[in-house]
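Coordinate analysis (summary)
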Amino acid sequence: MALKITVIGTGYLGATHAAAMAELGYEVLGLDVLPEKIEMLRRGEVPMYEPGLEELLRRHVAGIEGSSGRLRFTTSYEEVGAFGDIHFVCVNTPQKHGEYACDMSYVESAFDALAPHLTRPTLVVGKSTVPVGSAARLAERLAATAPAGPDAELAWNPEFLREGFAVQDTLHPDRIVAGVMSERAEALLREVYATPIAEGSPFVVTDYPTAELVKTAANSFLATKISFINAMAEVCEAADGDVAKLAEAIGHDERIGKKFLRAGIGFGGGCLPKDLRAFMARAGELGADQALTFLREIDSINMRRRGHMVEMARDAVGGGFLGKRVAVLGATFKPDSDDVRDSPALNVAGQIHLQGGQVTVYDPKGMANARRLFPTLGYADSSLDAVRGADVVLHLTEWREFRELDPAKLAEVAGERRILDGRNALDAALWRKAGWVYRAMGRPSA
Ligand SMILES: NC(=O)c1ccc[n+]([C@@H]2O[C@H](COP(=O)([O-])OP(=O)(O)OC[C@H]3O[C@@H](n4cnc5c(N)ncnc54)[C@H](O)[C@@H]3O)[C@@H](O)[C@H]2O)c1
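Quick look at the structure, then. Note that the structure is a prediction, hence the values are computed from the model and not measured.

**Observations concerning the pattern of salt bridges**
The full count for this structure, using the stated rule, is 28 salt bridges. With a closest N to O distance of 4.0 Å, arginine 423 and glutamate 398 form a salt bridge. Here glutamate 398 lies in the loop between β12 (392–395) and α17 (400–403) and arginine 423 lies in the loop between β13 (418–421) and α19 (428–433), a separation of 25 residues in the sequence. The class of arginine 423 is buried, set by a relative accessible area of 9%. Overall, glutamate 398 belongs to the partly exposed group, its relative accessible area being 22%. Here arginine 418 makes a salt bridge to glutamate 416, at a shortest N to O gap of 3.9 Å.

**Topic: the side chain of arginine 277**
The residue arginine 277 is located in helix α12 (residues 272–285) in this model. Setting aside its immediate chain neighbours within four residues, arginine 277 contacts Gln95, Tyr100, Asp299, Met303 and Asp342.

**Thoughts on helix α11 (residues 243–251)**
Residues Val243, Ala247 and Gly251 constitute the buried set of α11. With its buried residues spanning 70° around the axis, α11 presents them on a single face. Every exposed residue of α11 that faces more than 90 degrees away from the buried side is listed here: Lys245 and Ala249. Residues of α11 that are buried sit in contact with α10 (208–239). Two or three places before alanine 244, at the start of α11, stands the capping residue aspartate 242, its side-chain oxygen 2.9 Å from that residue's backbone nitrogen.

Calculation rules
Residues numbered from 1 in each chain as written. Predicted model: local features only at pLDDT ≥ 70, side-chain atom pairs only at ≥ 80, totals over all residues. Heavy atoms only, no water. Salt bridge = Lys/Arg side-chain N within 4 Å of Asp/Glu carboxyl O. Helix = DSSP H or I, 4+ residues; strand = E, 2+ residues; numbered from the N terminus. Buried < 20%, exposed > 50% of the residue type's maximum accessible area, 1.4 Å probe, protein only. Contact = heavy atoms within 4.5 Å. Arc of directions from axis to C-beta. Polar contact = N/O pair within 3.5 Å; in protein donor to acceptor, adjacent residues only side chain to side chain.

Right, dumping it as structure tokens:
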């Protein structure tokens, strides 16, 4: 009989994972504590924007015409316990308020709610990003509180999907990491992921702590690469160099590589910043804080970028924002997502607003989330409307739509033709040709 799978927590990670598991042929039951989210999913509607996810979901959600019917949703842990052979835990692990450490309360309450319903041999698989040491502790707690006892086993299987590519990354992962303590657990995970493994996805078997560390190590490496090029941008600005050329030139070295070397206003989102900080906090608890003090610098370089963008904008409008109109193109932390969690773009917009600027934001998909988080900012329905009358335009999220803008059209409505490219992604020559003063971070001004 095919495995029955449950997915606990149906956010960016869980909703995608649930739909992907149904696509792989399993019967799937998704659970969330938010009834409104579950209602939407039952109707085949995705509670966020993720390219391709709605189509995938609608292909499988029970009750939708023409669907496989393999995917259902519930708010009942009892139903989940009775249904599943394998339970994937995908709940959020945010930063604790006022601390660097990870808030594990959502994971803990998910485990506590699930355990009493595990009456037969089962595998619980953690996918959330957690501090190293969590899996060992949760495995003990599970065995102690589940009626099935030690037959309620735990595996840790961190997730590497990228928002904007979540469907592709979940169906065709570039690697699968399985932190397991038994052959049975490994065999079950190999069975779940049989299709991607057959397609060539590497399957890396580790112990619990290594699996947990792989995720935070990968995020730390990526963050370091971004902050490295941003640090080079700072030096380029001081020395009149061009960071884009520098990145191109060092990227030809295969050991360095071209990816993640675009200088700009830095990283944000619901993962990288909080994962770096939780990693530092956990290393401190383990007495290994010295090993990660460099991450503090990576974080500072990154946060400094936002302040620097605000300064560039202030300079551009003559030294003060009072009475100045600022158009902000982009609200989400990256393109092809509606996620505005710790978004550098909104952070910059918010700072300028607080300094007296009249900010108007436009984003292709992030408007509703941005409005909820920053209700006092101005919002426009299009780039053109955002730019109308603006004294300066800030390009802060690298949506394709912004790269394809016609600078000549925008020039007709702008108050002043000044654009600051916070992502080094626009065609400088094209904008200059249309009469704009184009400036980007870490590059010469003309
Ligand atoms: N978003 C990403 O790109 C991504 C990538 C890799 C790893 N992760 C990790 O995955 C985890 C989830 O991230 P996300 O972005 O999907 O978060 P999210 O906030 O979008 O989703 C979490 C979901 O869990 C639900 N939830 C909270 N407590 C619950 C409980 N006790 N029982 C059932 N459901 C509960 C929430 O209502 C929410 O719908 C985090 O640890 C994150 O670091 C995320």
